[in-house]
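Results of the structural survey
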Amino acid sequence: MAFNHLPAGVHDALRPLSVRPVTHSVSMAHDQIPRQAGIHPSPRAVLGRLSTGAGRGARITHTEHLPPRPGTHADWPSAIRPEVINAIRAAGIERPWAHQARTAEHALRGESVVVATGTASGKSLAYLAPVLSTLLDGSEEPSGRGTTALYLSPTKALAADQRRAVASFTAPLGTGVRAAVYDGDTPVEEREWVRQYANYVLTNPDMLHRGILPGHPRWSSFLRALRYVVIDECHTYRGVFGSHVAQVLRRLRRVCARYGSSPVFLLASATASDPAVAASRLTGVPVVEITEDGSPRGEVVFALWEPPLTELHGEQGAPVRRTATAESADLLTDLAVQGVRTVTFVRSRRGAELIALIAQERLAEVDRSLPDRIAAYRGGYLPEERRALERALHSGELLGLAATTALELGMDIAGLDAVVVAGYPGTRASLWQQAGRAGRTGEGALAILVARDDPLDTYLVHHPDALFRQPVESTVLDPDNPYVLAPHLCAAAAELPLTEPDLELFGPATEELMPQLEQRKLLRRRATAWHWTRRERAADLTDIRGAGGSPVQVVEAATGRLLGTVDAAAAHTTVHEGAVHLHQGRSYLVRQLDLNDSVALVEEAAPPYSTTARDTTAISILETTTEIPWGDARLCFGSVEVTNQVVSFLRRKLITGEVLGKSKLDLPPRTLRTRAVWWTVTDDQLEEARVHPQALGGALHAAEHASIGILPLFATCDRWDIGGVSVPLHPDTLLPTVFVYDGHPGGAGFAERAFHTAARWLAATREAIAACECEAGCPSCIQSPKCGNGNDPLDKKAAIRLLTTLLAGAPEQPPAAE
């Protein structure tokens, strides 16, 4: 029997709202906290009030105080036009910070540059100043369109926010700068104007991939004059998504060369490890890095918060902590009562809906005016819903927001006082990015990380040095992944026939792929070039977000109203027949999932339960790329095929998590070819570890769960990017084996990173299990919220002994990275 732990889109990530009834009493009346407009409360005072009450103080496991930092000014380069400098001064910025001036210098010299400084350090102005100045220069040319620039952001919200920022600077510049957003929400009647007249186009990689590049003849005048490509929040382009974007950028460079331009890349990133290396890998060109942050920073108080254990028990009788969702909803409620403007970040769409709903209900008991000032913000909303929420947040109409990472990326939300992070977001870079949303005006800020009942979260709140004394992660992406590269070669050939000199642009794996694409009759070689052979659009061969198909539309059956969308990869687990679906605080039951038409029909209902999918997984080894001995054990890395099928779902009480029933599902299996790291142990090692045959399955399963939970400390991923399988006797290895694999076709680089850091990764895994205070295993150490086998069997003590024996044979030097 195999025990599996699946990546996002393969298993439902949702947890019950709470595991026991909790009587919440707001810590103080609303009128006891007078607050004047523009006065930011002290973060220490706010945290002090939050920690009052029964047992509240004990939930704070660590408080980190980051002192204020003064800023370092510089002068703008002399080539920046005086009109731009005057516009910046009119916005209240007299002189730039040192890193802004240095970034502008490189940009004006025609050098691609990445500015990787802290959140709210003014990265936008660092690239806006040279871009606006150059656009003004171009607008004075006697003929032609003049110079153009392209801005790419990972989200529509960020592009819209940047458009507002540009407008604030360009109003005094007249018609020399014509900025416009061009994305899926842009009305059709406006798109032609953007193509013909805009000289600063703000879009996203998806629109570049599907719209601009395939239609490049209509963009010829824009591309011919393209001087700068701004890539904002470039640290988000990691894994499969980052690999796709890297190839989209190579296609852009190729089409630009066809029109005689060679744009300079200006990249902005949160603080990252080796930003120049990552930026160069993303763009394919040499990049200079600016990492010394010259901006000032107010005091930041960062608290690590662990919800208490409850009196109830979860799967297999394990003790369960109160959920991060319920705890974060309490904190958002208390912060709203204090008048503290707050964003609560939560990992799942449903979690964002639940936190907002709970806070609204509890605030109604205090002041009937407060519930309307709390809302949820997540992907899948309709465009008009997103824009209304963004306006309300900017205006201050909203006091609190429960948001997914759709709001994490760069939106300049002035005036926020606090950020609550409901569960570790997967990487230190994301954690600091989210925490940095508060205090953006230079005032003090409060950040709180609320731990989920999860091995990594529990480890971090009790090992604060892993958060506050370690550098952020390197960005992992692999543009040579054949599953990524192949469809982009087809798209490139459809844009312009591919020639021999083009192959080098797309990377070393290209030459090997071309014959395969010819054999599949996707490309045909004629004379000196390869041509796209099909009638359909080549850009539609791949979804660069890695969603694996068209999004599933969630439609209200009675009215035909479109409620939103769900990624295709998540449809089997989140909108299967009988699933509970939440949208803007309302509950719906899924009556039918039509996979052929990508539609889920729902009807409004109020079931007293949540739903959790169950599945089965099998894994086979296709190729072992690297193998090294760990004593008698073996550590391996290579290609695997994973077959998964959702077979049933559980209904659980919302409050207690009690299982009410199980229903079977008839959904087709899905197959994934990807990359994995795996380790095997021998019978002699099992005997040495005193792991008896009856305990072997539980020991392997527990080690698999915990290792997946800890891996995000060592690779730029979160547990939803990866999956795992443990098998007491695997048919390919003929030994007890644990696999951890990338949850994306062709791999994303995470399993490879795990292979190269295996000794440290598995040592931290063993420590996390051993340090947990539970007796037999719980969600804080070896249980997984998305286990397809219901967390059965698991053996905590046997897992510790097994990992101890395995690590004893680990080589002193880790395997060298390729």
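Refer to the preceding data block for the structure.
The present account deals with the structure reproduced in this document. (Residues numbered from 1 in each chain as written. Predicted model: local features only at pLDDT ≥ 70, side-chain atom pairs only at ≥ 80, totals over all residues. Heavy atoms only, no water.)

**Looking at the packing of aromatic side chains**
Each aromatic ring pair is characterised by the separation of its centres together with the angle its planes make. For clarity, the cut-off: Only Phe, Tyr and Trp rings are paired, with Trp represented by its six-membered ring, and only when their centres lie within 6.5 Å; those with planes under 30 degrees apart are stacked, over 60 edge-to-face, the remainder tilted. Our definition puts a charge over a ring when NZ of Lys or CZ of Arg is within 6 Å of the ring centre and also within 35 degrees of the ring normal.
Counted under the stated rule, the structure contains 10 aromatic pairs. Here the aromatic cluster, defined as three or more aromatic residues joined through ring pairs, consists of Y182, W219 and F222. Its end group placed over the ring of Y182, R191 keeps NZ or CZ at 5.7 Å from the ring centre.

**Re the pattern of salt bridges**
Inclusion rule: Whenever a carboxyl oxygen of Asp or Glu lies within 4 Å of a side-chain nitrogen of Lys or Arg, that contact is scored as a salt bridge. What counts as a helix is a DSSP run of H or I of at least four residues, what counts as a strand is a run of E of at least two, and both are numbered from the N terminus. Partly exposed residues are those whose accessible area sits between 20% and 50% of the maximum for their type, while under 20% is buried and over 50% is exposed, using a 1.4 Å probe and protein chains only.
According to the stated counting rule, one finds 33 salt bridges in the structure shown. Here E327 and R59 are joined by a salt bridge, their closest N and O atoms 2.5 Å apart. Here E327 is found in helix α11 (residues 324-337), whereas its partner R59 is found in the loop between α1 (43-50) and β2 (60-66), with 268 residues between them in sequence. For E327, a relative accessible area of 1% corresponds to the buried category. The closest approach of N and O atoms between D330 and R362, which form a salt bridge, is 2.1 Å. Pair noted here: D330 is in helix α11 and R362 is in helix α12 (residues 349-364), with a separation of 32 residues, a long-range link. Look at the salt bridges and you will find they share partners, linking R59, R322, E327, D330 and R362 into a network.

**A short note on the pairing of strand β23 (residues 580-583)**
Basically, it comes down to this: Note on pairing: DSSP must find at least two bridges between two strands before they are called paired.
Residues V580 and L582 line one face of β23 and the alternating positions H581 and H583 line the opposite face, and both faces are buried. As judged from the four bridges shared by β23 and strand β24 (residues 586-594), these two strands associate in the antiparallel manner. Within β24, the position partnered with H581 by the bridge is Y588.

**Considerations on a negative patch on the surface**
Cut-off, in case you're wondering: Surface patches are drawn from residues lacking salt bridges whose relative accessible area is over 30%; two like charges belong together within 9 Å, two nonpolar side chains (Val, Leu, Ile, Met, Phe, Trp, Tyr) within 5 Å. Areas reported as accessible are Shrake-Rupley estimates using a 1.4 Å probe. Residue values count occlusion only from the protein chains shown. In this charge count, Lys and Arg are treated as positive and Asp and Glu as negative; neither His nor the chain ends contribute. The atoms used to mark charge sites are NZ of Lys, CZ of Arg, CG of Asp and CD of Glu.
On the surface, a cluster of negative charge is contributed by D632, D683, D684, E687 and E688. Structurally, D632 is set in the loop between β26 (609-630) and β27 (633-653).

**Re the sheet that holds strand β10 (residues 300-305)**
We apply this condition: Axes here mean lines fitted to C-alpha atoms, for a helix over just the part in contact, with angles spanning 0 to 180 degrees between N-to-C directions. Here, residues are in contact when the closest pair of their heavy atoms is within 4.5 Å.
Across the sheet, seven strands lie side by side as β2-β10-β17-β16-β13-β15-β14; this open sheet has mixed pairing. The open sheet terminates on both sides in strands that have one partner only, identified here as β2 and β14 (374-377). The mean inter-strand angle of the sheet, taken between neighbouring strand axes irrespective of direction, is 15°. Two elements, β2 and β10, share six bridges in a ladder whose sense is antiparallel. Among the inter-strand pairings, T63 is bridged to a residue of β10, identified as A303. Sheet strands in contact with α1 are β2, β10 and β17 (445-450), and its direction is about 40° off that of β17.

**As for the sheet that holds β24**
Spatially, five strands are ordered β22-β21-β25-β24-β23 in an open sheet, and the strand pairing comes out mixed. Edge positions in the sheet fall to β22 (562-566) and β23, since each of these pairs with one other strand and no more. Across this sheet, the average inter-strand angle for adjacent strands is 35°, counted without regard to direction. Relative to strand β25 (residues 599-604), strand β21 (residues 552-556) runs parallel, the two being bridged by four bridges. If you follow V554 over to β25, its bridge partner there is A600. Contacts between α12 and the sheet are confined to β22 and β23, with β23 contributing the most and set at about 60° to the helix.

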